[in-house]
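Reading the structure
Spelled out, the chains give:
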Amino acid sequence: MENAAAAKETKKHVHVAVAVVLNRAEQVLVSKRAAHQHQGGLWEFPGGKVEAGETVLAALDRELHEELNLRVQRADAIMEIKHNYSDKQVLLDVWLVQEFSGEVQANEGQQWLWADLNTLQSLQFPAANVPILESIEKLLAGAH
Ligand SMILES: Nc1nc2c([nH]c(=O)n2[C@H]2C[C@H](O)[C@@H](COP(=O)(O)OP(=O)(O)OP(=O)(O)O)O2)c(=O)[nH]1
Ligand SMILES: [Mg+2]
């Protein structure tokens, strides 16, 4: 087998539930990935890996609760993004969450903020996030 093909077959695949949590002030919840994590030091939309036997929605709710103390009451699918990093292939399952309960609390000591569109555009996200940011821009621009 050629090296490139071998690398492709052995590359780690992860299925990730990702939440675009939008509040009534049209701000989106973002948090900062810890330095030691994959894509560390960059901002992210909260979420994490879907576990075996778990639905994506259950993973979305579990991760938001574990990381930031929120519970998802309703989520609408926005898009799926397949992206190849050099070391990993991710499938981001992205959901819009406008109905949620709880107050944000950084359970993992991470930085977080409710970002308006301007702030969002000034933050650095992983490369896979480009289509998510475009979609939020459209959503918020269309809201006026
Ligand atoms: N949550 C999240 N992950 C993202 C985004 N963009 C992006 O490329 N990713 C990638 C980075 C990681 O490779 C993967 C998420 O996996 P993760 O390791 O953070 O998952 P997890 O929360 O279950 O964390 P862990 O307990 O395994 O550390 O998806 C994003 O906006 N949000
Ligand atoms: Mg996570």
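The name an unreviewed UniProt entry assigns to the protein is 8-oxo-dGTP diphosphatase, from the organism Aliidiomarina iranensis. UniProt, in the comment section headed Sequence similarities (unreviewed entry), describes the protein in these words: "Belongs to the Nudix hydrolase family." Under the UniProt heading Cofactor (unreviewed entry), the note attached to the protein is "Mg(2+)".

Here we take up the sheet that holds strand β7 (residues 112-115). Two orientations exist for strands paired in a sheet by backbone hydrogen bonds: parallel and antiparallel. Pairing within the open sheet is antiparallel, and its 3 strands lie in the order β3-β2-β7. The open sheet has two edge strands, β3 (43-44) and β7, and neither has a second partner. As defined by bridge partners, strand β2 (residues 28-32) adjoins β7 across 4 bridges and the pair is classed as antiparallel. What sits directly across from serine 31, in β7, is tryptophan 112.

Looking now at unusual backbone geometry. Excluding glycine, most residues fall at negative phi; most peptide bonds, likewise, are trans. Of note in this structure, glutamate 26 is not a glycine but carries a positive phi near 60 degrees. Considering the arrangement of structural elements, one finds glutamate 26 in the loop between β1 (12-21) and β2. Look at asparagine 69: it is not a glycine, yet its phi comes out positive at around 70 degrees. Looking at where asparagine 69 falls in the secondary structure, it is placed in the loop between α2 (56-68) and β5 (71-84). For asparagine 69, a count of 14 C-beta atoms within 10 Å gives the class partly exposed.

Let us look at the environment of asparagine 69. Each C-alpha atom, one on asparagine 69 and one on glycine 41, is 21 Å from the other, the two residues being 28 residues apart in sequence. Beyond its immediate sequence surroundings of up to four residues, asparagine 69 is in contact with Gly102, Glu103, Val104, Gln105 and Asn107.

With that out of the way, let us pick up the UniProt feature "binding site: 8-oxo-dGTP" (unreviewed entry) in the protein. Under the UniProt annotation, the feature "binding site: 8-oxo-dGTP" (unreviewed entry) is placed at Arg33, His38, Glu44, Phe45, Pro46, Gly47 and Asn129. In summary, the annotated positions, though distributed over 97 residues, converge in three dimensions, the widest C-alpha pair being only 14.1 Å. Its place among the elements puts histidine 38 in the loop between β2 and β3. Owing to 13 C-beta atoms within 10 Å, histidine 38 belongs among the partly exposed residues under this scheme. Turning to its location among the elements, proline 46 is positioned in the loop between β3 and β4 (47-49). Those residues in contact with proline 46, other than ones at most four positions away along the chain, are Ala19, Val21, Leu29, Ser31, Glu63, Leu64, Glu67 and Leu68.

The end-to-end C-alpha separation of α2 is 18 Å, in line with the 18 Å expected for 13 residues at 1.5 Å each. Looking at α2, one finds that the buried residues are Ala59, Leu60, Asp61, Glu63, Leu64, Glu67 and Leu68. Where α2 ends, the next residue or the one after it, asparagine 69, has phi of about 70 degrees, a positive value.

Another aspect to go through is the site of ligand 1. In the neighbourhood of ligand 1, 18 residues make up the surrounding shell, with Glu44, Gly47, Gly48, Lys49 and Pro126 lying closest. Contributions of two or more residues to the shell around ligand 1 are made by β1, β4 and β6 (88-101). Across the shell around ligand 1, the residue classes break down as 8 nonpolar, 6 polar and 4 charged.

What follows concerns the UniProt feature "binding site: Mg(2+)" (unreviewed entry) in the protein. Per the UniProt annotation, the sites labelled "binding site: Mg(2+)" (unreviewed entry) are Gly47 and Glu67. For this annotated set, covering 21 residues, all C-alpha atoms fall within 8.0 Å of each other, a compact arrangement in space. Mapping glycine 47 onto the fold places it in strand β4. Using a count of 24 C-beta atoms within 10 Å as the deciding quantity, one classes glycine 47 as buried. Those residues in contact with glycine 47, other than ones at most four positions away along the chain, are Val16, Ala17, Val18, Ala19, Leu60 and Glu63.

What counts and how
- Residues numbered from 1 in each chain as written.
- Chains lettered and ligands numbered in written order.
- Predicted model: local features only at pLDDT ≥ 70, side-chain atom pairs only at ≥ 80, totals over all residues.
- UniProt positions renumbered as here; feature names shortened; annotations may be inferred.
- Pairing = 2+ DSSP bridges.
- Helix = DSSP H or I, 4+ residues; strand = E, 2+ residues; numbered from the N terminus.
- Buried ≥ 20, exposed ≤ 12 C-beta atoms within 10 Å, placed from the backbone.
- Contact = placed C-beta atoms within 7 Å.
- Expected span 1.5 Å × (residues − 1).
- Near = placed C-beta within 6 Å.
- Nonpolar A, V, L, I, M, F, W, Y, C, P; charged D, E, K, R; others polar.

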